[in-house]
Amino acid sequence: MKLLSAIVPCYNEEENVPYFYEEFLKNDAFFKSNDITFELFFVDDGSKDGTVAEVKKLIAKDARVHLISFSRNFGKEAAIYAGLEKSGGDYVAVLDADLQDPPSLLPEMFAALFEGYDSVATRRVTRKGEPVIRSFFARMFYKLMNKISKTDIVDGARDFRLMTRQVADALLSMKEYNRFSKGIFGWVGYETKWLEYDNIERKKGETKWSFWKLFVYSLEGITSFSTAPLAFAAFMGVLFCLLSFALIIFTIIRKVVFGDPTSGWPSLVCIISLISGVQLFCLGIVGQYLAKTYMEVKKRPIYLVKEEI
Ligand code: UDP
Ligand code: MG
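Residues numbered from 1 in each chain as written. Chains lettered and ligands numbered in written order. Predicted model: local features only at pLDDT ≥ 70, side-chain atom pairs only at ≥ 80, totals over all residues. Heavy atoms only, no water.

A. Just the nonpolar core, in detail. Membership of the largest hydrophobic core comes to 36 residues, with the highest contact counts inside it found for Leu 4, Phe 24, Phe 31, Leu 40 and Phe 42. Dropping the residues within four chain positions of it, Leu 4 is found in contact with Phe 24, Phe 31, Ile 36, Thr 37, Phe 38, Glu 39, Tyr 91, Val 92, Ala 93, Phe 110 and Leu 162. (Core = buried A, V, L, I, M, F, W, Y, C linked by side-chain atoms within 4.5 Å. Buried < 20%, exposed > 50% of the residue type's maximum accessible area, 1.4 Å probe, protein only. Contact = heavy atoms within 4.5 Å.)

B. Examining empty space enclosed by the protein more closely. Evaluation of the coordinates by the stated rule reveals one cavity of 30 Å³ or more. Quantified by volume, the largest cavity comes out at close to 80 Å³. Around the largest cavity, the lining residues are Glu 77, Ile 80, Tyr 81, Leu 84, Leu 171, Arg 179, Ser 181, Ile 184 and Phe 185. Listing elements by their share of the lining of the largest cavity, those giving two or more residues are α4 (76-86) and α8 (181-188). Among the elements that line the lining of the largest cavity, the one with the most residues is α4, at four residues. (1 Å grid on protein atoms, 1.4 Å probe; cavity = no way out; pocket = protein on both sides within 12 Å on 5 of 7 lines; lining within 4 Å. Points joined across faces, edges and corners; volume = space filled by probe spheres on them. Helix = DSSP H or I, 4+ residues; strand = E, 2+ residues; numbered from the N terminus.)

C. Spotlight on the site of ligand 1. Surrounding ligand 1, one finds 17 residues, the nearest of these being Glu 13, Asp 45, Asp 98, Gln 100 and Thr 207. Trp 209 is positioned with one of its side-chain polar atoms (N or O) 3.5 Å from an oxygen atom of ligand 1. If ligand 1 stood free it would expose 530 Å²; the protein chains cover 89% of that surface. Classifying every residue of the shell around ligand 1 gives five nonpolar, four polar and eight charged. (Near = heavy atom within 4 Å. Polar contact = N/O pair within 3.5 Å; in protein donor to acceptor, adjacent residues only side chain to side chain. Areas by Shrake-Rupley, 256 points an atom, 1.4 Å probe, with all protein chains shown as cover. Nonpolar A, V, L, I, M, F, W, Y, C, P; charged D, E, K, R; others polar.)

D. How the structure looks around the coordination of the magnesium ion (ligand 2). Of the protein atoms, only Asp 98 (OD) and Gln 100 (OE1) coordinate the magnesium ion (ligand 2), at distances of 1.9 Å. According to the relative accessible area criterion, Gln 100 is buried, its value standing at 16%. (Donors = N, O, S within 2.8 Å, 3.2 Å for Na, K, Ca; no water.)

E. Local environment of the sheet that holds strand β2 (residues 36-44). On the basis of which strands lie adjacent, the open sheet formed by eight strands has the order β7-β5-β6-β4-β1-β2-β3-β8 and mixed pairing. The strands lining the two open edges of the sheet, one partner per strand, are β7 (192-197) and β8 (305-308). Ignoring strand direction, the axes of neighbouring strands in this sheet form an average angle of 20°. Where α4 meets the sheet, its contacts fall on β1 (2-10), β2, β3 (65-70), β4 (91-94), β6 (157-164) and β8, and the angle it forms with β1 comes to roughly 155°. (Pairing = 2+ DSSP bridges. Axes fitted to C-alpha atoms, helices over the stretch in contact; angles between N-to-C directions.)

F. Broad picture of the layout of surface pockets. In this structure, the second largest pocket spans a volume of roughly 400 Å³. As for the second largest pocket, its lining consists of 16 residues, of which Leu 247, Thr 251, Ser 267, Leu 268 and Ile 271 are closest to the centre. Elements with a contribution of two residues or more to the lining of the second largest pocket: α10 (228-258) and α11 (265-298). The element contributing the most residues to the lining of the second largest pocket is α10, with eight residues.

G. Focus on helix α6 (residues 132-148). With 17 residues, α6 extends 25 Å from end C-alpha to end C-alpha; this agrees with the ideal 24 Å at 1.5 Å per step. Among all positions of α6, only Arg 134, Ser 135, Ala 138, Phe 141, Tyr 142 and Met 145 are buried. The buried side chains of α6 occupy one side of the element, clustering within an arc of 120° when seen end-on. The outward face of α6, more than 90 degrees from its buried face, is lined by the exposed residues Val 132, Ile 133, Lys 143 and Lys 147. Turning to α6, the residues buried within the fold contact β6, α8 and α9 (211-225). (Expected span 1.5 Å × (residues − 1). Arc of directions from axis to C-beta.)

And the structure:
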């Protein structure tokens, strides 16, 4: 008998929890025929609705269901981490509660593991039902990210994964506070098979990701998995040094040949504001990395548990 731990991060998903459970149980026959038992971890990420109550209802009738409830909202990344830490299965699956990660795909994912893969990942090949602007920026982000980071970050990759305990332990060994899971999955490596499917819209409720939240998250991804912006800041410094050298020579020659000391005022203002803008921008980049370092150095816990069943 092998044990599968399924981790389901939930933030205000009271409507989806029962559906998810029902849908997940449809794999029962498959599990039985392959000698797999499962434990289902609902990680309540500080929900303000009845998510906890819904999970408790399930626990009352099924001993395989577990609850980890956070003291507040720590984010999906923290929920995944908690699930990995608390579960002990030979296989670990991470699925969203809103059924955008269909549990019906699990048999196909297991087939890949049985073939010898260490991990099975999924990516959606369409972005049906998503605002056009959001899709555009998402594509840009992945293009940029793959140029400036050595870690492979796949466009459209979901956090829906099935992996062996070895991979789960590898994920746990990355104890960083700023957890950009798309990058973390790529960073640990291992033999990964990619399954593709069309985007599925969430069953009930609304996405927790506003455009602004996604934008901030993308910056997190860049600073967590690339130091290219720092190199860019240094490059700008060198570029502007060279430029000012050229300008000095130009000014000296103009003075000697034309004897014109005052006509440069407007251009001077332009140059000063341009360079100070670039300086502040570069300082901001350095600040971003400093802020991340600051948060890491504090070594705050990734999550705090309020209740565990
Ligand atoms: N989620 C979470 N904490 C959060 C935000 C989201 O645990 O702070 C969970 C949410 O309940 C869902 C999954 O993460 O199971 C994905 O969230 P959502 O569907 O809002 O994101 P999307 O699918 O739109 O990317
Ligand atoms: Mg969703």
